[in-house]
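Remarks on the overall topology
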Amino acid sequence: MSTTEELIKATVNADGSATVIIEGKTHEFTADNEAAARAQTVELVSSHAKNEGSVVRAVMHDSQGSWPVKVHPNGTVEPDTTNPPQRREKPARRRADSPVTHVATTEPADIDQAAAQDTEETPEQPVSEAPASTEPTVEGEEPAMETVQAKAPQGQTTPPPATAAKAPQDNPFAKKSPTQDSAPATRREARQSFLTQEQVEEPATKGWRGTMTRMGIRMAPSEDERAERADVQAVSQHWPGPRTIAIVNGKGGAGKTPTTVLLSAIFARYGGAGVLAWDNNQTRGTLGWRTEQGPHEATLLELLPESEKLLGTGAQSADLAHFVHHQTRDRFDVLRSKPMELASAQRVDAEDVDAIHRVASKYYRLIFIDSGNDESDPMWRRMIDHTDQLVVATTTRDDHAEAGALLLEALAQQNDKAHALAQNAVAVVTQADSKATAADVKRVADGYKTLARDVATIPFDPAIVDGILRYDALRPSTQRAWLAAGAAVARGL
């Protein structure tokens with residue numbers, strides 16, 4: 001069946017709106033989400049192909065990029081290699097097990113220059129294989145595992161294969177040891193392991209690439225999807241021994257409690273059980289108010305008298321259910337303070353913090369501590385002694401940002417452990433005010449880049465403002481931002 005020369009243009013936006021131009025006529029519609037808009041776009045184009053009785057060509061645009069495709073009357077969609085667009089250079093591919101989310105790119109000019117140097121400096125070698133094809137590839141057809149190949153500089157032709165009469169020359173860069181040409185000492189040394197395998201990347205699941213994959217055309221994931229997968233892998237890890245993460249800021253209302261809750265949710269949802277959120281606050285800590293309550297009203301004050309029993313050999317993990325409040329949807333536990341009591345009635349000292357931390361370290365792999373505002377409190381100072389990763393929570397308000405910055409500067413002037421915590425800290429900047437602008441968020445984030453190891457920004461979300469915090473209630477963009485924040489924390493563990 002022939003393909004019509006008409007080129008259909010379709011644009012799908014992240015909010016679910018779409019525009020399709022067919023034979024000069026514009027079709028506009030809005031679906032529930034971006035994925036539904038893609039499916040509706042394909043259905044519209046395939047209907048047009050059916051009316052034409054031939055395959056039609058189209059270019060699909062969305063937030064991931066642009067993909068030329070051929071749409072058949074029966075609804076089949078395949079990449080269009082008739083006239084592929086100029087390919088965008090992509091960052092070098094990461095190892096699948098790397099938690100790094102920022103990958104340096106290799107410019108084509110650098111590859112060309114390297115190829116030119118190899119041509120000038122390396123003597124000619126006999127060629128035993130045909131040169132790789134240099135035909136361009138449509139972005140939609142890229143393989144799951146990509147390989148970067150150097151290109152010959154423009155205007156320079158590839159030297160022809162050497163004739164058989166010309167004696168092969170040794171590579172001057174390959175320096176052999178006196179025994180290199182000899183046979184391996186044993187057969188074990190000569191054998192290659194059967195277990196050495198190349199890891200195959202999973203196909204795309206999102207965007208146009210994901211749509212193509214579900215239609216049976218395997219597509220490599222986009223860089224955004226690869227970065228998200230790396231973040232998921234980072235927060236899914238289990239480290240040897242427990243890890244303690246303290247969320248701090250000397251000002252109230254800076255976002256410490258939401259940061260504690262949502263980081264706990266990220267690590268528990270992706271990495272599994274064994275995550276505790278602990279309200280280490282003498283003055284009306286609100287962690288219990290922002291999380292689900294279990295079938296009891298126990299707090300850390302009820303746990304303290306039982307700490308030695310819980311540390312005994314006869315204690316079981318289920319015994320903790322008497323004191324902690326399990327979050328049924330987000331899968332972590334909460335150890336509450338008692339905000340209804342005056343601070344004088346629930347005074348906790350440094351030894352009590354040690355006892356609670358010993359119990360928590362026995363039963364949990366990750367301990368997130370929601371701290372109070374008094375940095376001189378022995379309870380706060382002993383928390384720092386047990387901390388492995390420091391997180392500074394702040395909003396775009398100047399007083400919140402300044403208080404967090406001053407805290408980091410003060411810790412950096414103390415002992416070696418406090419200095420290391422400050423240097424390795426992660427700042428989480430939350431847009432708590434709907435009236436704050438992107439410029440406000442950037443200004444605070446930029447200010448922390450010289451103070452902290454990493455900075456994560458969280459967009460405004462009404463689900464964070466008040467009430468019980470649940471990860472599923474957040475907008476997708478907010479969930480993605482918290483995942484990135486969790487990955488930043490994980491890289492310090």
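Quick note: structure is the one above.
Residues numbered from 1 in each chain as written. Predicted model: local features only at pLDDT ≥ 70, side-chain atom pairs only at ≥ 80, totals over all residues. Heavy atoms only, no water.

Observations regarding the overall build of the protein
Each helix and strand in the protein was counted, giving 15 helices and 14 strands. Expressed as a percentage of its 493 residues, the buried residues of the protein come to 43%. Residue pairs at least 24 apart in sequence account for 71% of intrachain contacts in the protein once pairs closer than 6 positions are excluded. On the protein, roughly 26,800 Å² of surface is accessible, and the fraction owed to carbon and sulfur atoms is 50%. (Helix = DSSP H or I, 4+ residues; strand = E, 2+ residues; numbered from the N terminus. Buried < 20%, exposed > 50% of the residue type's maximum accessible area, 1.4 Å probe, protein only. Contact = heavy atoms within 4.5 Å. Areas by Shrake-Rupley, 256 points an atom, 1.4 Å probe, with all protein chains shown as cover.)

Some remarks on the packing of helix 9 (residues 350-363) against helix 10 (residues 378-386)
Look at helix 9 against helix 10: their axes get within 8 Å of each other, and the N-to-C directions meet at 40°. Classified by the interaxial angle, the pair formed by helix 9 and helix 10 is oblique. Here helix 9 and helix 10 pass one another in a crossing that is right-handed. For the pair helix 9 and helix 10, the contacting residues are A350, V353, D354 and H357 in the first and P378, M379, R382, M383 and H386 in the second. For the contact of helix 9 with helix 10, the per-class residue count stands at 5 nonpolar, 2 polar and 2 charged. (Axes fitted to C-alpha atoms, helices over the stretch in contact; angles between N-to-C directions. Parallel < 35°, antiparallel > 145°, perpendicular 65-115°, else oblique. Left-handed = near helix turned anticlockwise from the far one by under 90°. Nonpolar A, V, L, I, M, F, W, Y, C, P; charged D, E, K, R; others polar.)

Structural notes on the sheet that holds strand 8 (residues 275-280)
Across the sheet, which stays open at both edges, the 8 strands sit in the order 9-10-8-11-7-12-13-14 with mixed pairing between neighbours. Strands at the two margins of the open sheet, each flanked by one partner only, are strand 9 (325-326) and strand 14 (454-458). Pairing geometry for strand 7 (residues 243-248) and strand 12 (residues 389-395), over 4 bridges, is parallel. Counterpart to A246 in the pairing with strand 12 is L390. Along the sheet face, helix 10 touches strand 7, strand 8, strand 11 (366-371) and strand 12 and points at about 140° away from the line of strand 7. (Pairing = 2+ DSSP bridges.)

Quick word on the pattern of salt bridges
Scanning the model with the defined rule gives 20 salt bridges in all. One salt bridge in this structure joins K206 and E228, with 2.7 Å as the shortest N-O distance. Within this pair, whereas K206 is found in the loop between helix 3 (187-190) and helix 4 (207-214), its partner E228 is found in helix 5 (residues 223-235), the two being separated by 22 residues in sequence. Judged by its relative accessible area of 38%, K206 is partly exposed. By relative accessible area, E228 is classed as partly exposed at 21%. In this structure, R397 and D399 form a salt bridge, with 2.5 Å as the shortest nitrogen-oxygen distance. Given the relative accessible area of 46%, R397 is considered partly exposed. (Salt bridge = Lys/Arg side-chain N within 4 Å of Asp/Glu carboxyl O.)

Considering the nonpolar core
Core analysis: the biggest nonpolar cluster contains 47 residues, and V248, L276, W278, L320, L335, L390 and Y448 have the highest contact counts within it. The residues contacting L276, other than those within four sequence positions of it, are V324, D333, V334, L335, A360, Y364, L366, I367 and F368. If you look at the next biggest cluster of nonpolar residues, it comprises 39 residues, including L262, L263, A463 and L483. (Core = buried A, V, L, I, M, F, W, Y, C linked by side-chain atoms within 4.5 Å.)

So, the layout of surface pockets
In this structure, the second largest pocket encloses a volume near 630 Å³. K206, E228, P476, S477 and R480 are, among the 22 residues lining the second largest pocket, the residues nearest its centre. The set of elements that each furnish at least two residues to the lining of the second largest pocket consists of helix 1 (34-52), helix 4, helix 5, helix 6 (256-271) and helix 15 (476-490). No other element matches helix 15, which puts 5 residues into the lining of the second largest pocket. Here the residues of the lining of the second largest pocket are counted per class, giving 6 nonpolar, 7 polar and 9 charged. (1 Å grid on protein atoms, 1.4 Å probe; cavity = no way out; pocket = protein on both sides within 12 Å on 5 of 7 lines; lining within 4 Å. Points joined across faces, edges and corners; volume = space filled by probe spheres on them.)

With respect to the side chain of N280
Position of N280 among the secondary structure elements: in strand 8. A polar contact of 3.2 Å, which involves the side chain of N280, links it to the backbone oxygen of M379. In contact with N280, other than residues within four places in its own chain, are V353, I369, D370, S371, G372, M379, W380 and M383. (Polar contact = N/O pair within 3.5 Å; in protein donor to acceptor, adjacent residues only side chain to side chain.)

Here's the deal with the packing of aromatic side chains
All told, the structure shown has 2 aromatic pairs when counted by the stated rule. On the numbers, 6.4 Å between centres and 50° between planes, the contact of W239 with F267 is tilted. Here the residue W239 occupies a position in the loop between helix 5 and strand 7, and F267 occupies one in helix 6, the gap between them amounting to 28 residues. Note on accessibility: W239 and F267 belong to one class, buried. Both rings, one in F267 and one in F368, keep their centres 5.5 Å apart while their planes meet at 45°; by these two values the pair is tilted. Placement of F267 in helix 6 and of F368 in strand 11 is noted, with a sequence separation of 101 residues between them. F368 shares its class with F267; the two are buried. An aromatic cluster of three or more residues is present, and its members are W239, F267 and F368. (Phe/Tyr/Trp six-rings, centres within 6.5 Å; stacked < 30°, edge-to-face > 60°.)

Observations regarding the pairing of strand 3 (residues 25-30)
One ladder, built from 6 bridges, connects strand 2 (residues 17-22) with strand 3; its direction is antiparallel. Residue pairing for strand 3: S17 is matched across the bridge by T30.

Focus on helix 1
Over its 19 residues, helix 1 extends 27 Å from the first C-alpha to the last, a length consistent with the 27 Å expected when each residue adds 1.5 Å. Taken together, the buried positions of helix 1 are E34, A37, R38, T41, V42, V45, S46, H48 and A49. Projection of helix 1 onto a plane perpendicular to its axis shows the buried side chains occupying an angular sector of 165°, all on one side. The outward face of helix 1, more than 90 degrees from its buried face, is lined by the exposed residues E43, K50 and N51. Between the side-chain oxygen at the start of helix 1 and the backbone nitrogen of A35 there is a gap of 3.2 Å, and the oxygen is on N33. The first or second residue beyond helix 1 is G53, which carries a positive phi of 75°. (Expected span 1.5 Å × (residues − 1). Arc of directions from axis to C-beta.)

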